Amino acid sequence: MNDLDALVAAAQADFTAASTPADLENAKAQYLGKAGRLTELLKGMAALTPDEKKSRGAAINEAKQRVEAALNARRQALAEAELQVQLKAEALDVTLPGRHRGTGGMHPITRAMERIEAIFSSMGFDVADGPEIESDWYNFTALNNPLNHPARSMQDTFYVDTKGTDGISLNLRTHTSPMQVRYALQHARRYKADMDAGHPMPDIRVIAPGRTYRVDSDATHSPMFHQVEGLWVGEGISFKDLKAVYISFLQQFFETEDMQIRFRPSYFPFTEPSAEIDMMFGSGPLKGRWLEVSGSGQVHPQVVRNMGLDPERYIGFAFGSGIDRLAMLRYGVSDLRAFFDGDLRFLSQFK
Ligand code: DAH
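This structure is a prediction, so every number in the text was calculated from the model and none was measured.

Draft legend 1. Spotlight on helix α5 (residues 108-122). With 15 residues, α5 should reach 21 Å at 1.5 Å per residue; the first-to-last C-alpha distance of 21 Å fits that figure. Of the residues making up α5, those classed as buried are Pro108, Ile109, Ala112, Met113, Ile116, Ile119 and Phe120. Taken end-on, α5 shows its buried residues confined to a sector of 140°, consistent with a single buried face. Considering only its buried residues, α5 is in contact with β5 (204-213), β6 (224-234), α9 (239-254), β10 (315-322), α11 (323-331) and α12 (344-347). Two residues or fewer past α5, Gly124 is found with a positive phi of approximately 90°.

Draft legend 2. Representation of the pairing of strand β8 (residues 271-281) in the model. Of all 11 residues in β8, 9 are buried, a share of seventy percent or more. Bridge analysis of strand β7 (residues 259-268) against β8 gives 9 bridges, and the strand direction is antiparallel. Along β8, the bridge assignment pairs Pro265 with Ala275. Taking the residues that link successive antiparallel strands as the turn, the β7-β8 hairpin has 2 residues.

Draft legend 3. Structural context of the sheet that holds strand β3 (residues 159-160). If you trace the 3 strands from one edge of the open sheet to the other, you get β2-β4-β3, paired in antiparallel fashion. Edge positions in the sheet fall to β2 (133-135) and β3, since each has one partner strand and no second. Bridge count between β3 and strand β4 (residues 170-172): 2 bridges; the pairing is antiparallel. Each residue of the ladder has a partner; that of Val160, found in β4, is Leu170.

Draft legend 4. Representation of the site of the ligand. The environment of the ligand is formed by 15 residues, the closest being His175, Ser177, Arg214, Gln227 and Glu229. In this structure, Gln180 approaches the ligand through a side-chain N or O atom, which is 3.0 Å from an oxygen atom. The separation between an oxygen atom of the ligand and a polar side-chain atom of Gln227 is 2.9 Å. For the ligand, the accessible surface in isolation is 360 Å², of which the surrounding protein chains cover 90%. According to the grid-proximity analysis, the pocket containing the ligand is the largest pocket. Mapped onto the shell around the ligand, the elements with two or more residues apiece are β6, β9 (291-299) and β10. Among the residues forming the shell around the ligand, the class breakdown is 4 nonpolar, 9 polar and 2 charged.

Draft legend 5. Region of interest: the environment of Ser169. Mapped onto the secondary structure, Ser169 falls in the loop between β3 and β4. Distance in space between the C-alpha atoms of Ser169 and Leu48 is 118 Å, their sequence separation being 121 residues. When residues no more than four places from it in sequence are discounted, the contact partners of Ser169 are Glu134, Ser135, Asp136 and Tyr159.

Draft legend 6. The arrangement of the nonpolar core in detail. Within the largest apolar cluster, 41 residues are counted, with the highest numbers of intra-cluster contacts made by Ile116, Phe249, Leu250 and Phe254. Sort the elements by how many residues they give to this core and α9 lands first, with 7 residues. Core analysis: the next-biggest nonpolar cluster, separate from the first, contains 22 residues, Ala128, Leu143, Leu309 and Ala318 among them.

Draft legend 7. Seen up close, the packing of aromatic side chains. A full pass over the atoms with the stated rule returns 18 aromatic pairs. Ring geometry for Phe15 and Tyr31: centres 6.0 Å apart, planes at 80°, overall edge-to-face. Taken together, the residues Phe15 in helix α1 (residues 3-17) and Tyr31 in helix α2 (residues 21-32) connect sequence positions 16 residues apart. You can call Phe15 buried: its relative accessible area is 1%. One aromatic cluster is present, formed by Phe120, Phe125, Trp232, Tyr246, Phe249, Phe253, Phe254, Phe281, Phe317 and Phe319 through successive ring pairs.

Draft legend 8. Representation of the layout of surface pockets in the model. One number sums up the size of the largest pocket: a volume of about 1,000 Å³. Around the largest pocket, the lining is made up of 41 residues, and of these Thr174, Arg214, Phe225, Gln227 and Gly320 lie nearest the centre. Looking at the lining of the largest pocket, the elements that each hand over two or more residues are β6, β8, β9, β10 and α11. At 6 residues, β9 tops the list of elements feeding residues into the lining of the largest pocket. Along the lines of polarity and charge, the residues of the lining of the largest pocket split into 12 nonpolar, 21 polar and 8 charged.

Draft legend 9. Seen up close, the packing of α5 against α9. Between α5 and α9, the shortest axis-to-axis distance is 10 Å and the interhelical angle comes to 135°. Of the possible angle classes, the one that applies to α5 and α9 is oblique. For the pair α5 and α9, the sense of crossing is right-handed. Facing α5, whose interface residues are Ala112, Arg115, Ile116, Ile119, Phe120 and Ser122, α9 presents Val245, Phe249, Gln252 and Phe253. When its residues are assigned to classes, the contact of α5 with α9 shows 7 nonpolar, 2 polar and 1 charged.

Reading the values: the criteria
- Residues numbered from 1 in each chain as written.
- Predicted model: local features only at pLDDT ≥ 70, side-chain atom pairs only at ≥ 80, totals over all residues.
- Heavy atoms only, no water.
- Helix = DSSP H or I, 4+ residues; strand = E, 2+ residues; numbered from the N terminus.
- Expected span 1.5 Å × (residues − 1).
- Buried < 20%, exposed > 50% of the residue type's maximum accessible area, 1.4 Å probe, protein only.
- Arc of directions from axis to C-beta.
- Contact = heavy atoms within 4.5 Å.
- Pairing = 2+ DSSP bridges.
- Near = heavy atom within 4 Å.
- Polar contact = N/O pair within 3.5 Å; in protein donor to acceptor, adjacent residues only side chain to side chain.
- Areas by Shrake-Rupley, 256 points an atom, 1.4 Å probe, with all protein chains shown as cover.
- 1 Å grid on protein atoms, 1.4 Å probe; cavity = no way out; pocket = protein on both sides within 12 Å on 5 of 7 lines; lining within 4 Å.
- Sits in = over half its atoms within 2 Å of the grid points.
- Nonpolar A, V, L, I, M, F, W, Y, C, P; charged D, E, K, R; others polar.
- Core = buried A, V, L, I, M, F, W, Y, C linked by side-chain atoms within 4.5 Å.
- Phe/Tyr/Trp six-rings, centres within 6.5 Å; stacked < 30°, edge-to-face > 60°.
- Points joined across faces, edges and corners; volume = space filled by probe spheres on them.
- Axes fitted to C-alpha atoms, helices over the stretch in contact; angles between N-to-C directions.
- Parallel < 35°, antiparallel > 145°, perpendicular 65-115°, else oblique.
- Left-handed = near helix turned anticlockwise from the far one by under 90°.

In structure tokens:
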């Protein structure tokens, strides 16, 4: 091997040993740089004869080309390797399933509420909303609850600490019934001018769904639960209207007429007479069992008076139903707490 072949071989070995572009540039300088070995060889030709210069120059040039070729090959190999590393690092697994934005669903209680609102709206009922923090007056007194009624006890009712400044006692409403007097007073105010001009008052016909609160917690009771209040007051609205409205509601809500409904005498301070409404399915898993679905009754004359109306002229009915209970029956849910646990495995069944 002559000196040039040895030089080319050394350059090839050094280039191959360079594992980064920077190492390669350093190796290159040793051969092709200003003080590089090939450059030195070219400088050393000054002492040669013209003939020697010719053959020696051609040989050196040829060696130089081989070194340059080796350099370029290594440059490409390093760039290629770098690209591979980068591609590997940024690799996309196109076989992975796509990530979807989850589609939400309505909560079963919300769905039940919307059904209830749609059904009563179709029967001409207004839908009203009221405060969940309620005054003692609307929640109890206006509804004919005597001051010493057990429902007012700390064991049953969440009281809100008002620090005694204005003397108004507030509680988380224990039922939606306070909406009866609230709404009736709003209604009377809305039609006052008409009534002052001698026009009859349009019937009060409203449902008020919403959250209610009691100190109570087990498989069928939650401290927060939902009720829907119904109220229809006018001239000559009777118990038979209550029956017709409520039976029609249950048939629509459960989408069946295969059921029995009974009005069982009961007691509530704000209705007289009062009735508990029970229903029994004629088929399905609950067939043959009486299920309590609502309280109801004819609005008590004292409550009519608290609405600012003359009980000799205005009469009507009210009912208060547990929405959670209706939803449990409709969707076949046996533990009320499932509605409020926030477990997506349960909730996503209702999408
Ligand atoms: N407010 C009663 C309760 O929570 C339910 C009720 C009964 C409402 C009779 C009414 C009614 O409007 O007439 O237990």
